[in-house]
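For reference, the chains in residue letters:
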Amino acid sequence: MENISRSYVFVKEGIFYFTRRVPADLRQHYSSGKISYSLRTRSRAVALSRANRAACKLDEYWYYLRTQDAELPGKHLLQHGLSRPSPGQENDLSVTSDALTLSEAVLTYLRLKGQGRPETFCRAARRSCGYVNRAGFAGGFNS
C-alpha cells in the first residue's frame, strides 16, 4: 500500500483513495472521525489533483464551521436573519441565533454542491424551496 500523507491519497488494489482525519474540534459535526472515499482513478496525477481539490474544499468548510462555532462579539446585531428574538417574541417556535432560513440554506447548498452541475440542478433546488415556502411551512406548523 502506497501512502502519500501530504496529499491525503493512498492506493488500494490499484485504485486511489482520499483519506483525511476530521479535526478533534469538529468531530461533533461528523458521524466518523475519518473521511475516506474512492477517487475512482488508477492515474496518480488525476488522483493527486482530485485529492488536492477535496482537501481544499474541506479546509474551506472546516474554516466556515469554526467561524460559525465562535462566539462573536455583537453577533446578535448581525442582519442576515440570524439574530435572536427579542424577549417578548419568544415562543416554542422561536428561531435561535444559529438557525438559517430555508432560502439561505438552499443558497449555501448550491454554493457547496452546485459547482460544475447543470443549471437544471440549481433550478430544481430553488423550485423545491419555493414549494415549501408556498405551502406555508415558513410560518410554522399546525398542531
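Up top is the structure these notes are about.
Residues numbered from 1 in each chain as written. Predicted model: local features only at pLDDT ≥ 70, side-chain atom pairs only at ≥ 80, totals over all residues. Heavy atoms only, no water.

Here the phi dihedral of Glu13 falls at roughly 55 degrees; this positive angle occurs in a residue that is not glycine. Considering the arrangement of structural elements, one finds Glu13 in the loop between β2 (9–12) and β3 (15–21). In this model, Arg40 sits at a positive phi of 55 degrees, which is unusual for a non-glycine residue. With respect to the helices and strands, Arg40 occurs in the loop between β4 (34–38) and α1 (44–69). Exposure remark for Arg40: the relative accessible area of 75% places this residue in the exposed category. (Helix = DSSP H or I, 4+ residues; strand = E, 2+ residues; numbered from the N terminus. Buried < 20%, exposed > 50% of the residue type's maximum accessible area, 1.4 Å probe, protein only.)

A cluster of like positive charges, contributed by Arg50, Arg53, Lys57, Lys113 and Arg117, occupies part of the molecular surface. Relative accessible area serves as the criterion here: at 48%, Arg53 is assigned to the partly exposed category. (Patch = residues over 30% accessible without salt bridge, like charges linked within 9 Å, V, L, I, M, F, W, Y side chains within 5 Å. Areas by Shrake-Rupley, 256 points an atom, 1.4 Å probe, with all protein chains shown as cover. Salt bridge = Lys/Arg side-chain N within 4 Å of Asp/Glu carboxyl O. Lys, Arg positive; Asp, Glu negative; His and termini not counted. Charge placed at Lys NZ, Arg CZ, Asp CG, Glu CD.)

A complete count under the given rule lists five aromatic pairs for this structure. Considering the side-chain rings of Phe10 and Tyr17, the 5.3 Å spacing of their centres and the 15 degrees angle between planes classify their relative orientation as stacked. Here Phe10 falls in the buried class, since its relative accessible area comes to 13%. Taking relative accessible area as the criterion, Tyr17 reaches 21% and is therefore assigned partly exposed. Following the ring pairs from residue to residue traces out a cluster consisting of Tyr8, Phe18 and Tyr37. Directly above the ring of Tyr17 sits Lys12, whose terminal nitrogen or CZ lies 5.9 Å from the centroid. Geometry around Phe121 places Arg117 over its ring, the cationic atom sitting 4.4 Å from the centre. (Phe/Tyr/Trp six-rings, centres within 6.5 Å; stacked < 30°, edge-to-face > 60°. Lys NZ or Arg CZ within 6 Å of the ring centre and 35° of its normal.)

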